[in-house]
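# Architecture and fold: a report
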Amino acid sequence: MVRLLALALVLISLPALAKPPRLALFITVDALGTDLLLRTRPKFKSGMRQLLDGGAFFPYARLDYAKPRTAAGHATLLTGANPWLHGIVDNRIVDRATGAPQSVFRDEAHPVLEVPLSVASTGDTSPLNLMAETLGDRLRITSRSRGKVVALAGKGRAAIALAGRLGQAYWFNETVGKFVTGTWYTKEFPGWLKSFNDRGLPEGYFSQQWTPLLPKTEYLGEDDRSYEEDEYGLGRTFPHLLNGGLQAPGLRSYTALAISPFSHDLLVQAAKAAIEGESLGKDDVPDLLAVSFSGTDRVYHAYGAYSWEMQDSLYRLDRAVGELITAAERAAGGRANLVIVLTADHGGAAAPEHWASEGLPSRRLNPKELAQGLAQALRARFPQADVTVTQEELDLYLGGKALAEGKVDGAAVRRAAAEWLSRQPGIVTAVARDDLYTAPDVAGLLSQLRRGYYPGRSGDVLFVPQPFHVISDRTTGTNHGTPYSYDQQIPVVFAGKGVRPGTYMREISATDVAPTLAALLELGAPASCEGEPRTELFTNGR
């Protein structure tokens, strides 16, 4: 009797059998750094406010590698790994055979469906180069393919990285003005996507103007700044016409739409069509819907992080996220069956002219001029070798016949290049790939370069600019991709089933996102995961 009573007490103290949420909604906002989010937070009234006030908010998550970029950031978030494991080092890598940059997700064997052949296999098309398992892949394998994984984005590189190898990826293509996918995922569009594209929503925006959502007094700074870009017929100031100067919808107007916050609304409508078409959240096997809002990054690059356009894009995003959450809750049968993640793939620098006007030591570093100067220096140092230099952000790729045929000491050339780079104004450090793992780690920068390095895809020489120095060959707009907080620091919010709300001020790694969501879904972590679950946010102490 005593033993039976003791056993009964133990059973009473055990938690109920775990029942994961029916649907996980994973939201990424391209270029939403922590600083940008925090200074915009007081203006949020809808979906963003719901998540920040009612979720587990980690303001200070950080990407652990030196070059935060869109493809790498999305891959890190759902693999829980850094680029040295998942292999997605940047949006573009350099083809060693031709010396030409190409999309990191390019796969000529799996072109994009319903896109002209001339461009169908040249952009981002498949996850072939993704070398690590995503959370969606783990869900598909664990559930014996019963759990569905759908990713939608305004960019192919975002959707592909989120969907992984076993999910489904769909993205907006400006060439044809509709959502597309590649033959890796399917041989023809599913019925729901055909029906959605047939609605012709992008054409409906052709004659619209992008005007401020709020009264002009709610916007900080000035609308017209000389260092903002004027592309795609949008102009530098409000109102922005989306027709791109065309008489009928086309590439220019579709690109203008992709930059504008109307792209948020278009993406939400596509997500709602996917929810219904794929019956997401309708049974007890968890599904994953990943949505990446890409328009914010395009606005950021063109107008800058402090622009009226950036502010307005986020105000409109707030409403779009609210509509998306409502649709996800309805699909899952309520918040009790839903878990939500909100995060970003990277932050971003302000326009250097803006920083300089505030007194910071900011300037542009022109990559073309840097590459040309290095090529001249190497030819002078090694006259027997006609060395070519191609720069892709913090990576420099060295080529030429003499190097390819081993007629010159490649390590000596790479070390000479690193030595020259380290002496240039605006450069903190540079290192040849031969010395990446043995050179003294200057201020911890080399360890970040190492986590972002993947053999065969990364450059021959890697470097780091000084803080507030923006790599750009333009005189307008801005960029991201350096190991500083404004680029690396991102917000992370978990909300819904199993989550204890609160603000958690401890810095965490972006690699913690995937294993934390995996735990909430009652899954094992992705195979190459480097992060760990944030147990402090679990309601049951898991």
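Whatever comes next refers back to the structure up there.
Structural notes, computed from the coordinates. (Residues numbered from 1 in each chain as written. Predicted model: local features only at pLDDT ≥ 70, side-chain atom pairs only at ≥ 80, totals over all residues. Heavy atoms only, no water.)

This model, assessed by the stated rule, comprises five cavities of 30 Å³ or more. Looking at the largest cavity, its volume works out to about 100 Å³. Around the largest cavity sit 14 residues that line it, and Gly154, Phe172, Ala258, Ser263 and Leu267 are the ones nearest its centre. Going through the elements one at a time, helix 12 (262-277), strand 10 (287-293) and helix 13 (295-303) are the ones with two or more residues in the lining of the largest cavity. Examining the composition of the lining of the largest cavity, we find that four residues originate from one element, helix 12, more than from any other. Split by residue class, the lining of the largest cavity holds seven nonpolar, six polar and one charged. Its boundaries defined by the atoms lining it, the second largest cavity holds a volume of some 70 Å³. (1 Å grid on protein atoms, 1.4 Å probe; cavity = no way out; pocket = protein on both sides within 12 Å on 5 of 7 lines; lining within 4 Å. Points joined across faces, edges and corners; volume = space filled by probe spheres on them. Helix = DSSP H or I, 4+ residues; strand = E, 2+ residues; numbered from the N terminus. Nonpolar A, V, L, I, M, F, W, Y, C, P; charged D, E, K, R; others polar.)

Another aspect to go through is helix 3 (residues 47-54). Looking only at helix 3, the buried set comprises Gly47, Met48, Leu51 and Leu52. The buried residues of helix 3 occupy an angular sector of 120° when the element is viewed end-on, so they sit on one face. Of the surrounding elements, those touching the buried residues of helix 3 are helix 2 (34-40), strand 2 (56-62), helix 14 (308-332), strand 11 (338-343) and strand 18 (489-496). (Buried < 20%, exposed > 50% of the residue type's maximum accessible area, 1.4 Å probe, protein only. Arc of directions from axis to C-beta. Contact = heavy atoms within 4.5 Å.)

What follows concerns the packing of aromatic side chains. If you walk through the whole model with that rule in mind, you get 13 aromatic pairs. On the basis of an interplanar angle of 85° and a centroid distance of 6.5 Å, the ring pair of Phe172 and Tyr254 is categorised as edge-to-face. Here Tyr254 lies in helix 11 (residues 251-259) and Phe172 lies in strand 6 (residues 168-173), a separation of 82 residues in the sequence. Each member of the pair, Phe172 as well as Tyr254, carries the same accessibility label: buried. Here the aromatic residues Phe172, Phe179, Phe196 and Tyr254 are joined through ring pairs into a cluster of three or more. (Phe/Tyr/Trp six-rings, centres within 6.5 Å; stacked < 30°, edge-to-face > 60°.)

Looking now at the side chain of Asp318. Secondary-structure assignment places Asp318 in helix 14. No salt bridge is formed by the buried Asp318; its nearest oppositely charged neighbour, Arg319, is found at 6.4 Å. Side-chain polar atoms of Asp318 contact the backbone nitrogen of Met48, separated by 2.8 Å. Once residues lying within four places of it in the same chain are set aside, the contact partners of Asp318 are Lys43, Phe44, Lys45, Ser46, Gly47, Met48 and Arg49. (Lys, Arg positive; Asp, Glu negative; His and termini not counted. Salt bridge = Lys/Arg side-chain N within 4 Å of Asp/Glu carboxyl O. Polar contact = N/O pair within 3.5 Å; in protein donor to acceptor, adjacent residues only side chain to side chain.)

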